[in-house]
Amino acid sequence: MDWSHYRFVSVWDLPGPPDTVYEILGRPDDYPCWWPQVREVTSVDDITGTTRIRSFLPYDLVMTVRERRRDPTARVLEAALGGDLDGWARWTVTARDGGSRATYEQEVVVRRPLMRLLAVPGRVVFRANHALMMRAGRRGLTARLGAV
């Protein structure tokens, strides 16, 4: 087993309509406005940017994010990731009673040297750090939807 390989799935039930949720998730430059752990997003061109994130643990992860799929009919957003994390991430937004369900899937290999060194003893902590970040993102997007 590669201890530096991670697969995450997070499901957010949200109060807004699916098209609104999809539209907000499709504007990564705005993520720092509502998702505290997304510290910085810098566009390079129409489909590529750099992102700096930091959750509870005292380190930043920096990635290049390149859009691979943007499908408003299916409400799917997918990106390739490179840098401290190498892999992909995908949002899928569906309707549910009274709102939306946003499913976030991510499969990555950690490239940051210290995290690779601590892969086995730190795995539980790294997964918890990710869960805290996702929980804060859900809260932030819920608040953002209330302001729309």
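(A) Highlighting the overall build of the protein. A count of helical and extended segments in the protein gives four helices and seven strands. Order of helices (α) and strands (β) in the protein, N terminus to C terminus: β-α-α-β-β-β-β-β-β-α-α. The principal-axis extent of the C-alpha atoms belonging to the protein is close to 45 × 30 × 25 Å. Residue burial in the protein is summarised as follows: out of 148 residues, 43% are buried. At a minimum sequence separation of 6, the contacts of the protein that also span at least 24 residues come to 52%. Of the roughly 7,900 Å² of accessible surface on the protein, a fraction of 55% belongs to carbon and sulfur atoms. Averaging the locations of the 22 positively and 18 negatively charged side chains of the protein gives two centres separated by 7 Å.

(B) Quick peek at the pairing of strand S6 (residues 85-96). Relative to S6, strand S5 (residues 76-83) is paired through six bridges, and the arrangement is antiparallel. Across the sheet, valine 76 pairs through a bridge with threonine 92, a residue of S6. Between S5 and S6, which pair antiparallel one after the other, the connecting turn spans one residue. The pairing of S6 with strand S7 (residues 99-110) spans twelve bridges and is antiparallel. Bridge assignment links valine 93 to a residue of S7, and that residue is alanine 102. Counted between consecutive antiparallel strands, the loop separating S6 from S7 contains two residues, among which glycine 98 sits at a positive phi close to 75 degrees.

(C) Geometry of the environment of valine 62. Tracing the backbone through its elements, the reader meets valine 62 in strand S4 (residues 61-71). Using a relative accessible area of 41% as the deciding quantity, one classes valine 62 as partly exposed. Put simply, valine 62 and threonine 51 are eleven residues apart on the chain and 5.7 Å apart in space, counted from C-alpha to C-alpha. Not counting chain neighbours up to four residues away, the residues in contact with valine 62 comprise Thr51, Arg52, Gly82, Gly83 and Asp84.

(D) Looking closely at helix H4 (residues 119-147). Compared with the 42 Å implied by 1.5 Å per residue over 29 residues, the 40 Å span of H4 between its first and last C-alpha is a close match. The axis of H4 is deflected most strongly, by about 30 degrees, at valine 125.

(E) Quick look at the packing of helix H1 (residues 18-25) against H4. Two elements in contact, H1 and H4, have axes whose closest approach is 11 Å; the angle formed by their N-to-C orientations is 120 degrees. Seen from above, H1 lies across H4 with right-handed handedness. Contacts between H1 and H4 involve Thr20, Val21, Ile24 and Leu25 on the former and, on the latter, Leu141, Arg144 and Leu145.

(F) Structural context of unusual backbone geometry. One non-glycine residue, arginine 75, adopts positive backbone phi at about 55 degrees. As for its placement among the helices and strands, arginine 75 is situated in the loop between S4 and S5.

(G) Local environment of the pattern of salt bridges. Tallying each qualifying case throughout the model produces 17 salt bridges. Residue aspartate 13 pairs with arginine 101 through a salt bridge whose shortest N-O separation is 2.6 Å. Remark: arginine 101 occurs in strand S7 and aspartate 13 occurs in strand S1 (residues 5-14); sequence separation between them is 88 residues. Judged by relative accessible area, arginine 101 falls into the partly exposed class, the value being 34%. Among the charged side chains, a salt-bridge network with shared partners connects Arg7, Arg68, Glu78, Arg90, Glu105 and Glu107.

Rules used in this analysis
- Residues numbered from 1 in each chain as written.
- Predicted model: local features only at pLDDT ≥ 70, side-chain atom pairs only at ≥ 80, totals over all residues.
- Heavy atoms only, no water.
- Helix = DSSP H or I, 4+ residues; strand = E, 2+ residues; numbered from the N terminus.
- Buried < 20%, exposed > 50% of the residue type's maximum accessible area, 1.4 Å probe, protein only.
- Contact = heavy atoms within 4.5 Å.
- Areas by Shrake-Rupley, 256 points an atom, 1.4 Å probe, with all protein chains shown as cover.
- Lys, Arg positive; Asp, Glu negative; His and termini not counted.
- Charge placed at Lys NZ, Arg CZ, Asp CG, Glu CD.
- Pairing = 2+ DSSP bridges.
- Expected span 1.5 Å × (residues − 1).
- Bend = angle between axes of the 7 residues up to and from the residue.
- Axes fitted to C-alpha atoms, helices over the stretch in contact; angles between N-to-C directions.
- Left-handed = near helix turned anticlockwise from the far one by under 90°.
- Salt bridge = Lys/Arg side-chain N within 4 Å of Asp/Glu carboxyl O.

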